[in-house]
Amino acid sequence: MAEQGLLVLFGSQTGTAQDTAERVGREAQRRHLRCRVQALDSCDLANLIHEPLVVFVCATTGQGDPPDNMKMFWRFLFRKSLPASSLCQLDYAVLGLGDSSYPKFNFIAKKLHKRLLQLGGNPLLPVALGDDQHDLGPDAVIDPWLVALWEKILALYPLPPGLEIISPDVRLPPKYTLHYLPEDSPDPEGALLQPAAPRGAPCELQPFPARVVSNQRLTAQAHFQDVRLIEFDIAGSGITFSAGDVVMIQPQNCPEDVQQFCQLLRLEPHRRFVLEPTEPGTSLPPLLPQPCTIQYLVTHYLDISCVPRRSFFELLASFSTNELEREKLQEFSSAQGQEELYSYCNRPRRTTLEVLWDFPHSTCAIPADYLLDLIPRIRPRAFSIASSLLAHPERMQILVAVVRYKTRLSKPRRGLCSTWLASLNPEQGDVRVPLWVKKGGMKFPADPATPVIMIGPGTGVAPFRAAIQERVALGRQGNCLFFGCRHQSKDFYCQREWEELVTKGFLTLFTAFSRDQEEKVYVQHRIRENGKLVWELLSSENAHIYLAG
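Residues numbered from 1 in each chain as written. Predicted model: local features only at pLDDT ≥ 70, side-chain atom pairs only at ≥ 80, totals over all residues. Heavy atoms only, no water.

- In the nomenclature of an unreviewed UniProt entry, the chain is known as NDOR1 oxidoreductase of Agelaius phoeniceus.
- Comment text from UniProt for the chain, heading Subunit (unreviewed entry), reads "Interacts with CIAPIN1; as part of the cytosolic iron-sulfur (Fe-S) protein assembly (CIA) machinery. Interacts with DCPS."
- Database annotation for the chain, UniProt heading Catalytic activity (unreviewed entry): "2 oxidized [2Fe-2S]-[protein] + NADPH = 2 reduced [2Fe-2S]-[protein] + NADP(+) + H(+)". (UniProt positions renumbered as here; feature names shortened; annotations may be inferred.)

Below, the structure written as structure tokens:
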């Protein structure tokens with residue numbers, strides 16, 4: 001065990017499971033245990049049979065699905081050919097993160113725990129089921145479960161004589177050290193930001209820098225919601241997609257936020273650095289060039305607009321030289337302070353940058369080495385593709401509702417990716433967006449005779465626009481669309497396109513404009529009114545129904 005250490009494997013979609021897995025890793029360090037923390041899909045699965053002790057931290061996504069970074073592991077684990085005693089030497093524990101408002105609450109963690117048991121694994125504890133719906137969030141389950149876990153682990157692998165658990169007051173070393181390069185060393189800035197020529201299909205580690213061809217507002221200027229139809233040129237990318245597929249877009253922080261962040265932390269944007277892992281065997285962040293500038297790191301990598309997690313406050317408290325600020329930060333990172341943290345941070349959606357403003361003495365004491373421990377990376381955002389290659393070869397279009405809403409904070413909240421996309425103006429030169437495509441969950445019928453009923457209120461119509469364009473290009477009729485929005489004159493996306501297809505006999509269209517009359521009318525009212533037709537299509541013609549919102 002001393003040689004192997006503890007392995008913590010996570011399946012994470014939004015970053016919460018990864019954050020929790022890293023917390024387990026830090027607590028292992030404090031107990032002098034060698035510990036590796038990895039995404040499930042980046043772990044060598046064949047070696048799992050040699051691991052003595054593994055903690056699994058898994059989220060459940062969608063309708064009981066595994067997160068993207070554990071899908072290969074999931075397929076491997078449920079192979080029928082695996083012998084029942086494959087994992088008989090394995091001590092394990094499973095921590096699930098879910099939301100009890102969904103029917104398949106923590107389905108992945110429960111199923112994983114059961115499967116490991118079937119394969120001969122020895123559970124140290126019952127599966128833990130963290131719940132987003134709890135007043136204190138998943139921590140209400142995680143905190144006591146971790147206390148029990150360490151008791152079990154230290155009973156099996158006691159601390160060596162003379163060693164004690166490292167106190168929480170002692171700051172652990174950073175994951176990487178940041179070495180500044182001399183200011184007069186040659187500047188590779190041009191080379192640094194040039195996207196590498198793609199090898200193979202674009203993916204998260206190698207997105208395709210697609211040129212923005214057009215960025216058109218579809219809603220009336222007077223309408224409260226700004227919705228864009230954005231077109232990308234994907235010629236030469238090797239990207240192919242069909243209706244129902246999803247494009248992943250890697251956003252970036254806005255220049256004003258980047259400037260503010262650098263000023264607050266007293267960082268010089270144009271300074272160049274290289275990263276070195278503190279522990280041998282730790283890989284470097286794959287999306288950061290080496291060497292890199294502070295400007296690039298803050299613009300493209302650090303998620304300074306996300307709502308910070310509890311671990312952020314814990315680490316920030318350890319840098320603080322101001323007693324008042326330190327006390328508040330410690331309270332926010334304690335189990336007792338979670339309700340107060342929720343009302344300070346989560347409820348009003350306060351960003352990391354805004355929190356740093358609120359704690360100026362602590363912020364200016366943050367060592368640059370700890371930036372990557374303190375702030376998570378910017379995660380890609382998913383959009384339904386709203387066009388077909390058969391209608392628009394070498395092009396891809398998306399429908400983007402710009403996220404902007406009010407909380408009790410004076411400044412409106414803005415979505416990082418949608419705000420950035422809306423700001424891009426292709427008339428001001430060569431504007432690029434890093435993207436790649438993922439298979440979507442919607443599959444449209446292969447049989448041309450099968451009719452499709454599509455229900456897509458608001459921007460939910462995006463994948464159906466792709467499907468209708470694809471089906472029309474193939475000469476398929478039997479396309480029935482229920483579309484809903486507030487006002488016919490303000491947010492009826494692609495109105496002319498739909499009306500043209502109705503005239504040509506390719507589309508049956510039902511619309512619900514909820515605010516255009518006294519009584520609110522929604523798509524479900526139109527479905528009920530046309531129940532006879534819907535039932536006819538389902539019962540006699542075996543129609544498929546699709547719903548997106």
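## Re the sheet that holds strand β14 (residues 395-401)
Then, in step 1: Taken in spatial order, the six strands make up an open sheet running β13-β10-β17-β8-β9-β14, and their pairing is antiparallel. Strand pairing shows two members of the sheet lacking a second neighbour, β13 (381-384) and β14, which therefore form its edges. On average, each strand axis in the sheet is inclined to that of its neighbour by 40 degrees, with strand direction left out of account. (Pairing = 2+ DSSP bridges. Helix = DSSP H or I, 4+ residues; strand = E, 2+ residues; numbered from the N terminus. Axes fitted to C-alpha atoms, helices over the stretch in contact; angles between N-to-C directions.)

## A few points about the pattern of salt bridges
Once their charged atoms are close, side chains differing in charge can pair, the charge on each being opposite to the other.
Then, in step 1: Tallied over the full model, the rule gives 24 salt bridges.
Then, in step 2: For glutamate 204, the salt bridge identified is with arginine 377, shortest N-O distance 2.9 Å. Here arginine 377 lies in the loop between α13 (371-374) and β13 and glutamate 204 lies in the loop between α5 (189-193) and β8 (208-217), a separation of 173 residues in the sequence.
Then, in step 3: By relative accessible area, arginine 377 is classed as partly exposed at 23%. (Salt bridge = Lys/Arg side-chain N within 4 Å of Asp/Glu carboxyl O. Buried < 20%, exposed > 50% of the residue type's maximum accessible area, 1.4 Å probe, protein only.)

## Quick notes on the nonpolar core
Then, in step 1: Within the largest apolar cluster, 42 residues are counted, with the highest numbers of intra-cluster contacts made by Phe261, Leu297, Leu302, Phe313 and Leu371.
Then, in step 2: Broken down by element, this core gets its largest block of residues, six residues, from helix α8 (residues 310-319).
Then, in step 3: Counting 28 residues, the second largest nonpolar core, distinct from the first, contains Phe464, Ala467, Ile468 and Leu481. (Core = buried A, V, L, I, M, F, W, Y, C linked by side-chain atoms within 4.5 Å.)

## As for helix α9 (residues 323-333)
Then, in step 1: Regarding α9, the residues found buried are Glu325, Leu329, Phe332 and Ser333. One face of α9 carries all of its buried residues, which in axial projection span an arc of 95 degrees. Across α9 from its buried face, at more than 90 degrees, point the exposed residues Glu323 and Leu324.
Then, in step 2: The inward-facing, buried residues of α9 abut α8, α10 (338-346), α11 (352-358) and α12 (360-363). (Arc of directions from axis to C-beta. Contact = heavy atoms within 4.5 Å.)

## Description of the environment of leucine 146
Then, in step 1: Mapped onto the elements, leucine 146 comes out in helix α4 (residues 139-156).
Then, in step 2: Leucine 146 sits in the buried class, given a relative accessible area of 2%.
Then, in step 3: Between the C-alpha atoms of leucine 146 and leucine 297, which are 151 residues apart in sequence, the distance is 33 Å.
Then, in step 4: If near-sequence neighbours (up to four positions away) are discounted, leucine 146 is found in contact with Arg23, Val24 and Glu27.

## Concerning the side chain of aspartate 226
Then, in step 1: Within the secondary structure layout, aspartate 226 lies in the loop between β8 and β9 (227-233).
Then, in step 2: Ignoring sequence-local partners within four residues, the contact set of aspartate 226 consists of Arg217, Thr219, Val400, Ala401 and Val402.

## Considering the domain arrangement of the chain
Then, in step 1: Splitting the chain by domain gives domain 1 (6-156), domain 2 (208-252 + 380-438), domain 3 (255-374) and domain 4 (452-547).
Then, in step 2: With nine residues of domain 2 at the interface, the matching set in domain 3 holds 12 residues.
Then, in step 3: If you sort the residues of domain 2 by the area they bury against domain 3, Gln252, Arg408 and Arg413 come out on top, with a joint share of 46%.
Then, in step 4: Put simply, domain 2 and domain 3 have one salt bridge between them.
Then, in step 5: Among the ionic pairs, glutamate 354 bridges to arginine 413, the shortest N-O distance being 2.7 Å.
Then, in step 6: At the boundary of domain 2 and domain 3, one finds four residue pairs in polar contact (both at pLDDT 80 or more). (Domains from an automatic or database assignment. Buried area = accessible area lost by both parts, 1.4 Å probe. Polar contact = N/O pair within 3.5 Å; in protein donor to acceptor, adjacent residues only side chain to side chain.)

## Describing α10
Then, in step 1: Inspection of α10 places Gln338, Leu341, Tyr344 and Cys345 among the buried residues, and these make up the whole buried set. An end-on view of α10 places all buried positions within 125 degrees of arc, on one side of the element.
Then, in step 2: In the core, the buried residues of α10 are packed alongside α4, α8, α9 and α11.

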